Amino acid sequence: MRELLTSLGLLVLLSFAVFVGVDLLPGDPVTARLGATASPARIAEVRAHLGLDRPVLERYGSWVVGVLQGDLGVSASGRPVASMLSDRVGNSVLLSVVTLVLLVPLSFGLAVWAAWQRSADRVISGGALLLVSVPEFVVAGALVLVFAVSLRWLPAVSLVPVGSSPLSTPSVLVLPVLSLLLVGLAYAVRVIRSSAVGVLASPHVEFMWLNGASRRDVLRQAVLPAVLPVAVQVWLVTGVGFVGGAVLVEKMFGYPGIGELLVSSVRTGDLPVVQALVLIIGAAMLGALVLADWAVVLLTPRLRVAR
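Residues numbered from 1 in each chain as written. Predicted model: local features only at pLDDT ≥ 70, side-chain atom pairs only at ≥ 80, totals over all residues. Heavy atoms only, no water.

Colleague: Which parts of the structure should I look at to understand the overall build of the protein?
Modeller: In terms of regular secondary structure, the protein is built from 13 helices and 0 strands. Helices and strands appear in the protein in the N-to-C order α-α-α-α-α-α-α-α-α-α-α-α-α. With the principal axes as the frame, the protein shows a C-alpha extent of 85 × 55 × 30 Å. The 307 residues of the protein split such that 40% are buried. Taking contacts inside the protein between residues at least 6 apart in sequence as the whole, the part at least 24 apart equals 71%. Surface exposure of the protein reaches about 16,400 Å², of which carbon and sulfur atoms provide 69%. Between the centroid of the 21 positive side chains of the protein and the centroid of its 16 negative side chains there is a distance of 10 Å. (Helix = DSSP H or I, 4+ residues; strand = E, 2+ residues; numbered from the N terminus. Buried < 20%, exposed > 50% of the residue type's maximum accessible area, 1.4 Å probe, protein only. Contact = heavy atoms within 4.5 Å. Areas by Shrake-Rupley, 256 points an atom, 1.4 Å probe, with all protein chains shown as cover. Lys, Arg positive; Asp, Glu negative; His and termini not counted. Charge placed at Lys NZ, Arg CZ, Asp CG, Glu CD.)

Rendered as structure tokens:
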């Protein structure tokens, strides 16, 4: 409960900081919407309609009340924010879920393999170290050069017809998923491998080897119970990283998700959309961190007893 209350407090502080920060950005969303030729009277009328003529604290309070009632407000374009986000949120969730589904078996298998075989460890750890030091947009650019420009196997831009799901054209998902997966996989493999190496070097495992235990027995009885809590926590934390990385990746590929919408909304100063997106992203990230903490407690008997 304490972690949940702390997360809610952080979410409120984050939303307020973003609300004030976007309000201080140069430019006027109403002028950007109406054009430079709009009359001052028309601009003032639209600003009053959107509530932009009120003080920041008053607008923030009204926004919080609206969110608690399920109303995310109206964007500077005049469209309800909820309708703008409905398809975008689903597309971003799809991107993150597909990446996470691939990450779980690949990271665990590669990490245990690296911990078990020294020859494999050199290659896997070296590749992970290289990838973990490279940001997602660099990986995305390299993938585009190889698979879209040189080999022409995949589209360089993830264009999806309006009203359609990315699943209708699965090829548009491949490069964005790979861009997120490679960086997330590198981090997860390094952490899980480190935990597995520690378990395999423990006196308990040495005693099992001396008693004639097979590799399967060591994996099932010693490695898996000890490494699984760490792995679950890493997977959830990496999933949080996908949310942040997706902002850059979606913008690079033109993928119709919340990351691409966030960048364009910040550029135009569309505060209601930015605020709603930050609320959603912040809630997802904090929720995943709380779940990671709970997962470690549930999968570790001594911590469960202590609680």
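Colleague: Is there a simple way to think about the environment of Ser96 in this case?
Modeller: Mapped onto the secondary structure, Ser96 falls in helix α5 (residues 81–116). On the basis of relative accessible area, Ser96 is assigned to the buried category, the value being 19%. Residues Ser96 and Phe242, spaced 146 residues apart in sequence, show a C-alpha to C-alpha distance of 6.4 Å.

Colleague: How do you make sense of the UniProt feature "transmembrane region" (unreviewed entry) in the protein when you look at a structure like this?
Modeller: The feature "transmembrane region" (unreviewed entry), as given by UniProt, occupies residues 93–116, 128–151, 171–189, 223–249 and 273–299 in the numbering adopted here. Regarding residues 93–116, the helix share stands at 100% and the strand share at 0%, and the terminal C-alpha atoms are separated by 34 Å. Helix makes up 100% of residues 223–249 and strand 0%, with an end-to-end C-alpha separation of 35 Å. (UniProt positions renumbered as here; feature names shortened; annotations may be inferred.)

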